[in-house]
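Residue-level structural notes
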Amino acid sequence: MRRYFFLYLFFITCLCANVRAQVTGVVLDDQGEPMVGANVYWAETGIGVATGLDGDFTLMPVKGTNRLVASFVGYHNDTTVVLNRKPLTIVLVEAAVLDEVTITERKMGVLKSRSSAFDTQTIGTEELCRAACCNLSEAFETNASVDVAYSDAATGAKQIRLLGLSGTYVQLIQENTPAVRGLAQNFGLEYIPGPWMSSIQVSKGTSSVINGYEATSGQINVELLKPQTQNPLSVNLMVNSELMAEANIMGGWKIPLKNDEEHEHGHHHEEGEHCHHQSLYTGILAHYGQGFMAMDGNHDSFVDMPKTQNANLANRWFYKHGDYTFQAFLRGLYDRRRAGQMADSINNPYRINLNTWRVEGFLKNGYVYDDESGSSVALITAVSYHNLDNSYGPRTWQANQLNAYVNGIWQGNWEGGGLIDNDHRLSAGFSVNVDKYNEQLFYPAATMPAVFDRLEVTPGVFAEYSYKYADQLSLVAGVRADYSTRYGFFFTPRANVRYTPFSWWTLRASAGLGYRSPNLIADNAFILPSSRALHLTGSPAQERAANTGLSTTFYIPLGSKELQLSAEYYYTHFLNSLIVDMDQDRHAVHIYNQSDVPGAKSFAHSAQIEASMEVLRGWTWTAAFRWTDVEQTTFNTAKAAYELRPKALSNRFKGVITTSYQTPLKKWQFDVTAQFNGITRMPDGFTPTGDLNGGYSTPKPLNWYPQLMAQVTKYFRTCSLYLGAENMTNFKQNAPVIDSFNPYGTDFDASMVWGPVAGWKVYLGFRYDLEKKE
């Protein structure tokens, strides 16, 4: 393995070419959002490019002009005089502002890069505002790629699935720092409020090695509002029919500095001289949510959704001085949940009390030391402390996690010679990740708690090479070498390639490895609100998987519009996984390493097709269908042998049809989304017999179930009102809590969730933005 690693590094190094000057930059709108697909070209020539996923562009200089023009439909053109190779930031403003509205060409809410080697979708604010989107777990309701489902029927915890695999195999980061992992896995999606988010990037398959080795099925990166681009004051208020209310207040302000050198007014950016302009910004993100009512809609004595109280406060800073950039972020969170049997009339009720405290922060330092090539160095440090004190009836789970993360990155850019634009980039660096857990689980009648204290320190080094040939080819190849104090040395090679033979057709392929350290209780907390015993065979080994994928996208012109049609296939093959076997015993969960069972397998196939288009001005449609086949080896009691079969409680398919219409002057917006969810088998031992409180309504679960959601938004100049409904089909799983009236009995189980546990609900919200003054 080491021999291949050094050969890999040698190959990367040999691909580097001669240094040559280039012009790079980013195009933003007046809200600070990246503008994907904006045209950037040299004045009086036909030489130019379209901006990428992050609004970024790279151009070769030309003779005869130094004026660079940026344009986008519905926005004023911007002309920048380029006198050196310092990265540019170009801001475009909307073309016409009326008394109440701005006339713009509507942008798609979900964007897919045409130039990136990664299969990445960006979910922008336009898409996030199409639903209530109270937090990250509700940001994917209109998305076919990511599933979000309840983990159990008692606590309200949610988990995501990508490529058919649970969220534990998705690297979920926040601005490229660790976010939802470890103890935060259970409720971490709900710890990121929706109004705080500016965009979400969903990358399928293997992602960049720069951010670590944990992405197995993909990576989700959440970008929060930035103080240098957000409005001085933004307010988002929401209440629903279950009397759950939320309030969000955000704001960003510039702090005057004594030595500030103000830029020239207007939108022309002179780049001629080295100035030491410095700027300082700070921002506040505040959230408070509370559920005031415990509802038991199916009358099974357990509340359908917990009573919650969540307080979330963050402060961030942004400082820039010449080529140096500094960012700081600090957040504190308190989350309290009360669930179970809440009625006072019940004798010895089964109560669920969940309490979480979390503090986190990061520092980012970046310096561009060579303006000509854009070469830079960066240092990212992040620390978090997560503490929980949870009780599930007679069981108690107490734990805390301290995480420290350091990532140092060097990046250099090269350009090859010749008439054809071909760019090279090499990134290299090191990282250190430290996880310290103190964890105890108290069982009923146990004399001593089960202790899961552990410490893992993982230093590593990485290198990643990127190559771009004109608009036809993009290649990213990287490798990591890491050492875990628990699992020893391991290597992570990854490669992504994009080929565009024609402007209307793009092909992508990816392959690579992913690793993760299992967290026995946090990964399987859905088992705790049940009477199932927990049986662990052996010591949990590191999970390892290989992921390969192919995708293609067609951009088909239809009149003045464009139909985007895509198809993809991904295969994840586990070299070792921690199998959670719910088939072996209906009163227990058996957990064991795949590698400890001779011939055991675990894999996932995922295939998806998707079509999207703006059929008329302001009216967009997206239709998608995804099929998954997730299988693993579990024990078949009827055959008294281990057997490869479909994973229990895993959706077999999902279909989505979503449409949005915005009136010409953006006074009204109407959004409708329909989901069609297919399910697979239940674990062995569950049949519709009377001994399990009615069991299920049919001998076999339904083949599919529908869900419908809609929202109407009325826009004003600085604010908007939105009214919406979720689960309008009112489809609910029958008896999701097994033996709910006898929670201290051996058959009690709230983990058998395959569908919605709550019915329809209506919500009303208000958004307000105090716009920045020019």
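Residues numbered from 1 in each chain as written. Predicted model: local features only at pLDDT ≥ 70, side-chain atom pairs only at ≥ 80, totals over all residues. Heavy atoms only, no water.

Low-confidence regions, as indicated by low pLDDT, have predicted coordinates that should not be scrutinised in detail. Looking at the protein chain, pLDDT values average 86 and 87% of them are 70 or higher. The spread of mean pLDDT over the elements of the protein chain runs between strand β9 (residues 102-103), the lowest at 36, and strand β32 (residues 505-516), the highest at 97. Counting contacts from residues 95-105, a segment whose pLDDT is below 50, to residues more than four positions away or on other chains yields 29 contacts. Residue range residues 688-699 is modelled with pLDDT below 50. Its contacts to residues more than four positions away, or to other chains, number 33 contacts. (pLDDT = per-residue confidence, 0-100. Helix = DSSP H or I, 4+ residues; strand = E, 2+ residues; numbered from the N terminus. Contact = heavy atoms within 4.5 Å.)

Attention now moves to the side chain of Glu141. For Glu141, the position within the fold is in the loop between α2 (125-128) and β12 (146-150). We note that Glu141 is buried and unpaired, the nearest opposite charge coming from Lys158 at a distance of 5.9 Å. If we skip the residues at most four places from it in the chain, Glu141 touches Ala131, Thr673, Gln675, Met709 and Glu726. (Buried < 20%, exposed > 50% of the residue type's maximum accessible area, 1.4 Å probe, protein only. Lys, Arg positive; Asp, Glu negative; His and termini not counted. Salt bridge = Lys/Arg side-chain N within 4 Å of Asp/Glu carboxyl O.)

All right, on to the pairing of strand β26 (residues 395-415) then. Pairing analysis gives 17 bridges linking strand β25 (residues 375-392) to β26, with the strands arranged antiparallel. By the bridge assignment for β26, Val377 is matched with Trp410. In this structure, the hairpin formed by β25 and β26 is closed by a connection of 2 residues, where Gly393 is found at a positive phi of approximately 60°. (Pairing = 2+ DSSP bridges.)

Turning our attention to the packing of aromatic side chains. Taken as a whole and judged by the stated rule, the model has 26 aromatic pairs. Put simply, the rings of Phe302, Tyr350, Tyr744 and Phe748 touch in pairs and so form one group of aromatic residues. The ring of Tyr555 has Arg114 lying over it, and the distance from NZ or CZ to the ring centre is 3.8 Å. (Phe/Tyr/Trp six-rings, centres within 6.5 Å; stacked < 30°, edge-to-face > 60°. Lys NZ or Arg CZ within 6 Å of the ring centre and 35° of its normal.)

In this section: the side chain of Glu190. Relative to the helices and strands, Glu190 is located in the loop between β16 (177-178) and β17 (197-204). What Glu190 contacts, discounting residues up to four positions off in sequence, is Asn135, Ser137, Gly156, Ala157, Lys158 and Arg337.

Together, Val615, Leu616, Trp621, Ile657, Phe676 and Trp704 make up a nonpolar patch on the protein surface, roughly 520 Å² of accessible area in all. Residue position: Val615 is located in strand β38 (residues 602-616). Owing to a relative accessible area of 31%, Val615 belongs among the partly exposed residues under this scheme. (Patch = residues over 30% accessible without salt bridge, like charges linked within 9 Å, V, L, I, M, F, W, Y side chains within 5 Å. Areas by Shrake-Rupley, 256 points an atom, 1.4 Å probe, with all protein chains shown as cover.)

To continue, consider the environment of Phe302. Locating Phe302 in the fold gives a position in the loop between β21 (278-291) and β22 (307-321). The class of Phe302 is buried, set by a relative accessible area of 1%. C-alpha of Phe302 to C-alpha of Pro736: the two residues are 434 residues apart in sequence and 10.0 Å apart in space. When residues no more than four places from it in sequence are discounted, the contact partners of Phe302 are Asp296, Gly340, Gln341, Tyr350, Val737, Ser740, Pro743 and Phe748.

Quick look at the sheet that holds strand β33 (residues 533-537) now. Spatial strand order, β33-β37-β36: 3 strands in an open sheet with mixed pairing. The open sheet has two edge strands with one neighbour each: β33 and β36 (578-581). Along the sheet, successive strands turn relative to each other by an average axial angle of 20°, direction set aside. One ladder, built from 4 bridges, connects β36 with strand β37 (residues 588-593); its direction is antiparallel. Bridging across to β37, Leu578 finds its partner in Asn593. (Axes fitted to C-alpha atoms, helices over the stretch in contact; angles between N-to-C directions.)

Moving on, we get to the sheet that holds strand β6 (residues 78-81). If you walk across this open sheet you meet the 4 strands as β3-β2-β5-β6, and the pairing is antiparallel. At either margin of the open sheet sits one strand with a lone partner, and together these are β3 (48-50) and β6. With strand direction ignored, the average angle separating the axes of adjacent strands in the sheet is 20°. Taken together, the 4 bridges between strand β5 (residues 67-71) and β6 define a ladder with antiparallel strand orientation. By the bridge assignment for β6, Arg67 is matched with Val81.

This part takes up the pattern of salt bridges. A full pass over the atoms with the stated rule returns 33 salt bridges. Note that Arg130 and Glu127 form a salt bridge whose closest N and O atoms lie 3.2 Å from each other. Measuring nitrogen to oxygen at the nearest pair gives 2.4 Å for the salt bridge that ties Arg626 to Asp147. Here Arg626, found in strand β39 (residues 619-636), pairs with Asp147, found in strand β12; they are 479 residues apart in sequence, far enough to count as distant. For the residue pair Arg626 and Asp147, the accessibility class agrees, reading buried in each case. Taken together, the salt bridges that share partners define one network made up of Glu175, Glu223, Lys226, Arg316 and Lys364.

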